[in-house]
Amino acid sequence: MNPQWSRRHVLDTDDWSRAEIETVLDQSRAMVEVLSRPIRRAPALRGRTVILFFAEASTRTRVSFELAAKALSADVTNITATGSSLEKGESLYDTARTLEALGGDVLVMRHASSGAPYFVARRTSAAVINAGDGTHAHPSQGLLDAFTLREALGDLEGKRIAIVGDILHSRVARSDIHTLVPLGARITLSGPPTLVPAAWRCGQPPSGVTYEPDVDRALDGADAAIVLRLQRERQQAGLLPSLREYSRVWGIDVGRMGRMRAGAPVMHPGPMNEGVEIDAAVAHGSRSLIEKQVTNGVAVRMALLYLLAAGSAALLEDRA
Ligand code: CP
């Protein structure tokens, strides 16, 4: 068992130590090596069942967890809100107990309600991985962003990362902060005041984080930028004048990229609103790490599944 790892669930990284985060990143590097072999498979989760329970839309997270679990030889099954008994009104509690009764050892879950994975983790013996809950957290995204930045920039100590856009509704921004700050990065947030938590823009941002209302100043000299999706499905009306105005004032185009350190990369968790928060020339340009983030997502999620299995006697024991 890894001495730095004793977690039973992956719900958030807000209480993780630097050593725990580095353990996942180092393990992810080992998984990149596994994925580069002619046979991209390891036996760590043979005989175990991973259930992907996505009650909210996803492409990258769901598919990469599925590929990760299969690369570790787990049996994998999917359940989505549409087509499951959630549509008939079955409760989250009953759904989780049912999935456990069906033999799920690991439950990877996405839910529109912040806190839903905590509710489930307290009520099942399965290991729970939060694949995104409401506006609260997306820990595997934070870890894959940190992994991608570390691969591109080396040691993140003292590096300045600009996170731009809809901070208020972004579980990615929160998880990026909780993952990058312990690694020594400094974060500059920038976005419309209506889309930044009031406490953060009025002088009480988290440790290691500052708010800069002028996006050009936020980008000046930055070592990397993470552009966030404008989450129109979570927004109340009236937070923005118009998409055209948002794009003009906050959109990241090639001109704005020129304010960053020479060669500094840009990332986006996806899915993108191209032409709104990010210009297509940036998204698909030579400094974009966006597809690299997606590729790295498989290795990072393999690392999480592997560490949970290695750290959990329940996962390693044969079921009675
Ligand atoms: N980044 C992310 O969570 O993408 P999906 O919604 O496609 O999973």
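Residues numbered from 1 in each chain as written. Predicted model: local features only at pLDDT ≥ 70, side-chain atom pairs only at ≥ 80, totals over all residues. Heavy atoms only, no water.

Topic: the site of the ligand
Step number 1: Around the ligand, a shell composed of S58, T59, R60, T61, R110, H138, Q141, P269 and G270 is seen.
Step number 2: Separating an oxygen atom of the ligand from a backbone N or O atom of T59 is a distance of 2.9 Å.
Step number 3: P269 has a polar backbone atom sitting 2.9 Å from a nitrogen atom of the ligand.
Step number 4: In isolation the ligand has 260 Å² of accessible area, and contact with the protein removes 92% of it.
Step number 5: Among the residues making up the shell around the ligand, the classes are represented as one nonpolar, six polar and two charged. (Near = heavy atom within 4 Å. Polar contact = N/O pair within 3.5 Å; in protein donor to acceptor, adjacent residues only side chain to side chain. Areas by Shrake-Rupley, 256 points an atom, 1.4 Å probe, with all protein chains shown as cover. Nonpolar A, V, L, I, M, F, W, Y, C, P; charged D, E, K, R; others polar.)

Here we look at the pattern of salt bridges
Step number 1: The tally for this structure, following the rule as stated, stands at 16 salt bridges.
Step number 2: When the shortest N-O distance is used, the salt bridge between E157 and R18 registers 3.0 Å. With E157 in the loop between α5 (139-153) and β5 (160-164) and R18 in helix α1 (residues 18-35), this residue pair connects regions lying 139 residues apart in the sequence.
Step number 3: Salt bridges linked by common partners bring R7, D15 and E20 together as one network. (Salt bridge = Lys/Arg side-chain N within 4 Å of Asp/Glu carboxyl O. Helix = DSSP H or I, 4+ residues; strand = E, 2+ residues; numbered from the N terminus.)

Some remarks on the pairing of β5
Step number 1: Of all five residues in β5, five are buried, a share of seventy percent or more.
Step number 2: Side chains R160, A162 and V164 of β5 all project onto a buried face; the interleaved residues I161 and I163 project onto the opposite face, where all are buried too.
Step number 3: Taken together, the five bridges between β5 and strand β6 (residues 186-190) define a ladder with parallel strand orientation. Along β6, the bridge assignment pairs A162 with T188. (Buried < 20%, exposed > 50% of the residue type's maximum accessible area, 1.4 Å probe, protein only. Pairing = 2+ DSSP bridges.)

Describing the domain arrangement of the chain
Step number 1: Domains assigned within the chain are domain 1 (18-138 + 295-310) and domain 2 (139-290).
Step number 2: One C-alpha centre belongs to domain 1, the other to domain 2, and the line joining them spans 26 Å.
Step number 3: Facing 29 residues of domain 1, the contacting portion of domain 2 comprises 29 residues.
Step number 4: Summed over both partners, the interface of domain 1 with domain 2 buries about 2,200 Å², with 57% contributed by carbon and sulfur atoms.
Step number 5: Between the two partners, domain 1 and domain 2, sit four salt bridges.
Step number 6: Across the salt bridge formed by R171 and E56, the nearest N and O atoms sit 3.1 Å from each other. (Domains from an automatic or database assignment. Contact = heavy atoms within 4.5 Å. Buried area = accessible area lost by both parts, 1.4 Å probe.)

Comments concerning the packing of α5 against helix α6 (residues 171-180)
Step number 1: Where α5 meets α6, the closest approach of the two axes is 8 Å, and the angle between their N-to-C directions is 55°. When the axes of α5 and α6 are compared, the pair comes out oblique. At the point where α5 passes α6, the crossing takes the right-handed sense. Taken together, the residues of α6 that come into contact with α5 (itself represented by P139, Q141, G142, L143, D145, A146 and L149) are V172, S175, D176, T179 and L180.
Step number 2: Looking at the contact of α5 with α6 residue by residue, the class counts come to six nonpolar, four polar and two charged. (Axes fitted to C-alpha atoms, helices over the stretch in contact; angles between N-to-C directions. Parallel < 35°, antiparallel > 145°, perpendicular 65-115°, else oblique. Left-handed = near helix turned anticlockwise from the far one by under 90°.)

Examining the sheet that holds strand β3 (residues 106-111)
Step number 1: In space, the four strands of this open sheet follow the order β2-β1-β3-β4, with parallel pairing throughout. Single-partner strands in this sheet number two, and they are β2 (75-80) and β4 (127-133). For this sheet the average axis-to-axis angle between neighbouring strands, irrespective of direction, equals 15°.
Step number 2: In this sheet, β4 lies alongside β3 in parallel orientation, the contact comprising five bridges. What sits directly across from H111, in β4, is D133.

Describing the packing of α1 against α5
Step number 1: At a minimum axis distance of 10 Å, the contact between α1 and α5 shows a crossing angle of 70°. Considering their axes alone, α1 and α5 lie roughly perpendicular with respect to each other. Between α1 and α5 lies a crossing of right-handed hand. Packed against α1, whose contacting residues are I21, E22, V24, L25, D26, S28, R29 and V32, the element α5 presents L143, A146, F147, R150 and E151 at the interface.
Step number 2: Split by residue class, the contact of α1 with α5 holds seven nonpolar, one polar and five charged.

Overview of unusual backbone geometry
A negative phi angle characterises most non-glycine residues, just as the trans form characterises most peptide bonds.
Step number 1: In this structure, P271 follows G270 across a cis peptide bond, with omega equal to -10°.
Step number 2: With respect to the helices, strands and loops of the structure, P271 is situated in the loop between β9 (266-267) and α11 (280-283).
Step number 3: Positive phi outside glycine occurs at S73, with the angle close to 70°.
Step number 4: Take S73: it is sitting in the loop between α2 (60-71) and β2.
Step number 5: For S73, a relative accessible area of 13% corresponds to the buried category.

A word on the sheet that holds strand β8 (residues 224-227)
Each strand in a sheet pairs with its neighbour through backbone hydrogen bonds, running either in the same direction (parallel) or in the opposite one (antiparallel).
Step number 1: Here five strands make up an open sheet; going across it, the order is β7-β6-β5-β8-β9 and the pairing parallel. The two strands at the open ends of the sheet, each matched to only one other strand, are β7 (209-211) and β9.
Step number 2: Bridging between β5 and β8 involves four bridges; their strand directions are parallel. When the bridges of β8 are listed, I161 appears paired with A224.

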